[in-house]
Each structure stands twice: as structure tokens, then as C-alpha cells.
Amino acid sequence: MTINDIKTPSYVIDEDKLIKNLEILQYVQEQSKAKILLAQKAFSAYSMYPLMSKYLAGTSASGLFEAKLGYEEMPNKEVHVFSPAYGEEEIRELVTFCDHIVFNSPAQWNRFKDVVKASGRDIKCGIRINPEYSEIETDIYNPCIVGSRLGTVKSIIDEADIEGISGLHFHTLCEQGADVLARTLDVVEEKFADYLDKLEWINLGGGHHITREDYDVELLISRIKRLKERFNVDVYLEPGEAVALNAGYLVSEVRELMENGMNIAILDTSAACHMPDVIEMPYRPNIIDAGMPKEKAFTYRFGGPTCLAGDIIGDYSFDKPLKVGDRLVFLDMAIYSMVKNNTFNGMPLPSIAVKRGEDVTVIKEFSYEDFKCRL
């Protein structure tokens, strides 16, 4: 099949573009000697894990289920996990297979360190720090705002018992460049130098847009090298978006056309259900052959088929009028789409397919039972 043949809506993973991203990440690892992990919170399409395992050092997780997925589907690779707060049963299972466990606070570490030691495994444990420095402008994505629950500030760590901790973790970037990381590292290296001198590793978290065309890869490599040389630590990064950036599509179809002060097209794809970040971020995803509103002759507002009045994808213009049945291809839909979609209003979940060259293979389809069995 080709993209024009598959039923809609469908997510399509572009394997060639995924490999291109992985090759960039592999280059960073080779040049810097850092280890790069897949942050599964952005992309968990595990049918691609055998391919990604050829390039990446392992997976990072935000809890038990993601950690198990990485362990099962990317075997013989490192499994890292972080959670703002672990439960007793959760941590007892995590210690049976995780390689790195990052705790959000010294209190969590001291609560569960005996469980870690009793596992008999050589688990590397760390503390997530809040360096109290971030250049993220949107509060919902900024872990360093006053009142943030993510990470521990230095003044509290200084008063705590962290014996047995072997590394530090921070995650203060969001879709940002190496210049932002460099300025952040200046703060981290200065503020936490006494700890880094004694520890084995540091994890720089995610939010690094390494595979974006304008990203300064050489600056990233140089700062990692400097960090390793200064403190003699292993360095980890765990990007999610960078792994699958621009490596996927969402194929949709026009279901209905109407007018209410402007041309409106109702699609079989929902922003609320199938691309939640369109509403949450918010942002306007690009569509192949579409322009900005009024840039081309015919402008339409795209909305989904749910009852939510705000289920609006955005306004787009086209050279020709749209017709019911026309296909639309949304770009950059591999990340934060499949992992965040939902069945609000009983919306069917899009199928998942992989594009290799011009050939498209459907690897997963969903049915009424997938909706019913969740409830």
C-alpha cells in the first residue's frame, strides 16, 4: 500500500526519516562518548525498537509500565526510570530489572534505598535536581518555577542524607537548542560542582532538539566533552522528540464541509483525541500542500468530529476548493500523538503504519473492543 491507500485516520511512521534522526544521535554518541536513551514518553511505538536499539543505548521511562516496555522490547539495553513519587509495589518491581532509578528527592531515596539494596542488583541510583534555572517561557512545561514538584533544590540536598546516590539528573529544557543547554550547564556545574566531583554520572534529561536542522550539534558535543573531562562522569541524555522528530504523519479525510462566517471542514481526525498537544501546547500542525490562512485562494477551519466545541485543529488555505473525501496529511505526528491519544466520545483510535520507501504497512489497528475494554 501507499499513503493514499490506507484507511483514515492513520498514524504513519516514516522509517527513512527515523533512521536519519538516529544516525545524528549515533554521531553525537560516537563523538562525545555520551549515551543517548529513548524517552518513551514521546514515542513508544515498540515495533521500531529493534531498529532503534541499533543506535541508542537504551530507554528512559516515567514509571513502571514504560520501564517494562523498554525492558521487554529493547532487551540487553539500559533501562532508566524517573518518577516524582514511587509507590511501594512499583519500586519493588522496578528494582528487578531497571539499571538506573532516579528519585525525585532525598526523602524518596531514603524511603526506598533498603529495597534497592535488597534486590542484590547493581542499580545506579540518582537524585533529580532543580537547578533553579530554566529558559522555558511556558509555565506548564517549566520544572523550575516556584512551587514545582519536579526535582530538589540544592539547599535541601545540602541538608539531606544521600549516601549511596551515584548520580544527578536534571531536565529543564523543552524543544530547545544547545545554546540553552550550555547556559544551563554553566549553572549546574557551578552550583553542584562539589557533588559532581564525587559522583559517577549525570543525566542531562530531555528537551534537546538535536535532530532539528538548525541545532548546533558540535556545541552539544563540546559541552559534553567538557563535562566529562572536568568531573570524570558518564553523561546521559534522554531526548524523546529528537528521536522521532518529523518522522511521522497523521493521514486524515474530509468528512463534511459547511459554512458559518467562514468555510469549515470537519475531518475524521480529532485534535482532542488524536493530537492532544494541538490543544494543550497549543500549536498548529503543518499539512502537506496547505498554506497559512488566506495565503492561498481557499481557506478552511479544520475541526474534529467530537462534541467538544474547541476541537479545532487550525485554519489552512489551499489552491483548490476541498471536497468531501479529500485526504490531508499532517506532519510531525510521530511524537506525543500515539502516546497521548484517547477515545473521548468513543472516537476510534487511528491505525498505526510504517512507511518504508513508498510502501506502507499497517502494523496495528484498533476496534470497538479497544474502546470498551478500557472502561
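Higher on the page you've got the structure.
Residues numbered from 1 in each chain as written. Predicted model: local features only at pLDDT ≥ 70, side-chain atom pairs only at ≥ 80, totals over all residues. Heavy atoms only, no water.

**Student:** Got a minute to help me understand the pattern of salt bridges in this structure?
**Tutor:** Pairing between side chains becomes possible if they bear opposite charge and their charged atoms approach one another. In this structure the tally under the stated criterion is 25 salt bridges. Residues K124 and E200 are paired through a salt bridge, measuring 3.2 Å at the closest nitrogen-oxygen approach. With K124 in strand 6 (residues 124–128) and E200 in the loop between helix 8 (193–196) and strand 8 (201–203), this pair connects stretches of sequence that are 76 residues apart. Between D315 and R301 there is a salt bridge; the shortest N-O distance is 2.8 Å. Here the residue D315 occupies a position in strand 13 (residues 312–318), and R301 occupies one in strand 12 (residues 298–303), the gap between them amounting to 14 residues. Within the structure, one salt-bridge network assembled from shared partners comprises D186, E189, R223, R226 and R230. (Salt bridge = Lys/Arg side-chain N within 4 Å of Asp/Glu carboxyl O. Helix = DSSP H or I, 4+ residues; strand = E, 2+ residues; numbered from the N terminus.)

**Student:** I'm lost on the layout of surface pockets in this one. Help?
**Tutor:** Any empty space left between atoms is shown by rolling a water-sized probe over those atoms. Considered as a void within the structure, the largest pocket measures approximately 970 Å³ in volume. Taken together, 42 residues line the largest pocket, and the ones lying closest to its centre are K41, Y141, L150, H171 and Y336. Among the elements that take part in the lining of the largest pocket, strand 4 (residues 78–83) stands out by supplying 3 residues, more than any other. A per-class count over the lining of the largest pocket returns 17 nonpolar, 14 polar and 11 charged. Estimates place the volume of the second largest pocket at around 460 Å³. (1 Å grid on protein atoms, 1.4 Å probe; cavity = no way out; pocket = protein on both sides within 12 Å on 5 of 7 lines; lining within 4 Å. Points joined across faces, edges and corners; volume = space filled by probe spheres on them. Nonpolar A, V, L, I, M, F, W, Y, C, P; charged D, E, K, R; others polar.)

**Student:** Explain the pairing of strand 1 (residues 10–14) here, please?
**Tutor:** Within a regular strand, side chains alternate between the sheet's two faces. In terms of burial, strand 1 is a largely internal element, 5 of the 5 residues being buried. Where burial is concerned, the two faces of strand 1 agree: the one with S10, V12 and D14 and the one with Y11 and I13 are both buried. In this structure, strand 1 lies alongside strand 15 (residues 351–356), joined through 5 bridges in parallel fashion. If you follow Y11 over to strand 15, its bridge partner there is I352. Where strand 1 and strand 10 (residues 248–259) come together, 4 bridges link them in antiparallel fashion. For V12, the partnering residue across the bridge sits in strand 10 and is Y249. (Buried < 20%, exposed > 50% of the residue type's maximum accessible area, 1.4 Å probe, protein only. Pairing = 2+ DSSP bridges.)

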